Amino acid sequence: MRRQRHRQQMRSGTTRWLTLAIGGIASAAFVGGVAAYLPTIAVVGAGTAIASVATFAGSTRRRWLATTIASAALGAVLWLAFGTTLGYFWLNRSRLDALVTQIDAVPTITSLQLGHDEAVAAPINDIQRFDSYRFINEQLVTRYRRRVAPDAPDAPDTPQPTVYEDDLLHRLQVPVARYHALRATLDALSLSGFDRIGRGGIALDERMPGGTPWGNAFLYLPTDDTPAIERTLEQRRLAPHWFYITRG
């Protein structure tokens, strides 16, 4: 009897220490996910940490109290980090500063919109891809050579002629690798593009649903003056040199 009770105590102690270890790893994943602005990792880490707290708490009353407190605290952090403009800005401040440096390194690109790729069924049981709303310096571009020729079957039906992306980059003297690195940074930061404004300013556009009559952007001004931009509906300062604006 004593041996059985001792074994149960050993198993219980092992389970609690294992739960504590899992909770520690989950907490580290949560903190790392927030710091690196990786919502999925942060949410999974928070959920696992809450489950670990519930298991470690013991009695039903303590479990309920601990779970409630942990859920409220971690939920508030998740909302502040991933659900607010300030949370996005401060967690990504260094990345946004680095992005401005990347943009400064390609002065011949005055504006850029990433656009998106879509797939369509080709006539012969195949899938072909095309891009849309991809602009460099307000020029519609494509990365698919077959869409450039006016008589090509995949040529877009738009009033503006489409230019092959690499050809335009060559004319602008922008290295292709540097351009794709810039696109990757914009995409990683959930931004749709950028445009330059007066006095060396750079507006980093947030992604917006199609058809939205306004757009939000993080505006960097090297002079730290109050923005004076046409069609600005709202603006607020986030930090020295940084503003958040809404343009109509």
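Residues numbered from 1 in each chain as written. Predicted model: local features only at pLDDT ≥ 70, side-chain atom pairs only at ≥ 80, totals over all residues. Heavy atoms only, no water.

1. Remarks on the overall build of the chain
1) Next: For the chain, the helix and strand inventory stands at seven helices and eleven strands.
2) Next: Expressed as a percentage of the 248 residues in the chain, the buried residues total 35%.
3) Next: A total accessible area of about 14,900 Å² is found for the chain, and carbon and sulfur atoms account for 60% of it. (Helix = DSSP H or I, 4+ residues; strand = E, 2+ residues; numbered from the N terminus. Buried < 20%, exposed > 50% of the residue type's maximum accessible area, 1.4 Å probe, protein only. Areas by Shrake-Rupley, 256 points an atom, 1.4 Å probe, with all protein chains shown as cover.)

2. Let's talk about the packing of aromatic side chains
1) Next: Summed over the entire model, instances satisfying the criterion amount to eight aromatic pairs.
2) Next: Centre to centre, the rings of Tyr37 and Tyr88 are 5.3 Å apart; their planes meet at 90°, and the pair counts as edge-to-face. Residue Tyr37 is located in the loop between helix H1 (2–35) and helix H2 (39–57), and its partner Tyr88 is located in helix H4 (residues 85–91); the two are separated by 51 residues in the primary sequence.
3) Next: Judged by relative accessible area, which is 17%, Tyr37 ranks as buried.
4) Next: For Tyr88, a relative accessible area of 8% puts it in the buried group. (Phe/Tyr/Trp six-rings, centres within 6.5 Å; stacked < 30°, edge-to-face > 60°.)

3. A closer look at the packing of helix H5 (residues 93–104) against helix H7 (residues 176–188)
1) Next: Running from amino to carboxyl end, H5 crosses H7 at an angle of 155°, the nearest separation of the two axes being 10 Å. Taken together, the axes of H5 and H7 are roughly antiparallel relative to one another. Of the two possible hands of crossing, H5 and H7 adopt the one that is left-handed. Residues Leu99, Gln102 and Ile103 of H5 lie in contact with H7, whose contacting residues are Ala181, Leu182, Thr185 and Leu186. (Axes fitted to C-alpha atoms, helices over the stretch in contact; angles between N-to-C directions. Parallel < 35°, antiparallel > 145°, perpendicular 65-115°, else oblique. Left-handed = near helix turned anticlockwise from the far one by under 90°. Contact = heavy atoms within 4.5 Å.)

4. What about the nonpolar core?
The tendency in soluble globular proteins is for nonpolar side chains to be buried as a group.
1) Next: Among the nonpolar cores identified, the biggest contains 31 residues, and Ile109 and Leu204 are the most heavily contacted of them.
2) Next: Those elements that provide at least two residues to this core are H4, H5, helix H6 (165–172), H7, strand S7 (191–196), strand S8 (202–206), strand S10 (232–239) and strand S11 (242–247).
3) Next: Ile109 has contacts with Ile136, Asn137, Leu169, Leu172, Val174, Tyr179, Phe194 and Arg196, leaving out every residue within four places of it along the chain.
4) Next: By size, the runner-up hydrophobic cluster in this structure holds eleven residues, among which are Ala26, Ala70, Leu74 and Ala81. (Core = buried A, V, L, I, M, F, W, Y, C linked by side-chain atoms within 4.5 Å.)

5. A short note on the sheet that holds strand S9 (residues 215–220)
1) Next: If you walk across this open sheet you meet the nine strands as S6-S5-S4-S1-S7-S8-S9-S11-S10, and the pairing is mixed. Edge positions in the sheet fall to strand S6 (163–164) and S10, since each of these pairs with one other strand and no more.
2) Next: Where strand S1 (residues 111–113) and strand S4 (residues 135–136) come together, two bridges link them in antiparallel fashion. When the bridges of S4 are listed, Gln113 appears paired with Phe135.
3) Next: Taken strand by strand, H5 contacts S7, S8, S9, S10 and S11, and its axis lies near 120° from that of S8. (Pairing = 2+ DSSP bridges.)

6. What to know about the side chain of Asp195
1) Next: Mapped onto the elements of the fold, Asp195 is located in strand S7.
2) Next: The exposure class of Asp195 is buried, given its relative accessible area of 17%.
3) Next: Reaching out from Asp195, the side chain makes a polar contact with the side chain of Arg247 at a distance of 3.0 Å.
4) Next: Residues in contact with Asp195, not counting those within four places in the same chain, are Thr110, Ser111, Gly201, Ile202, Ala203, Asp205 and Arg247. (Polar contact = N/O pair within 3.5 Å; in protein donor to acceptor, adjacent residues only side chain to side chain.)

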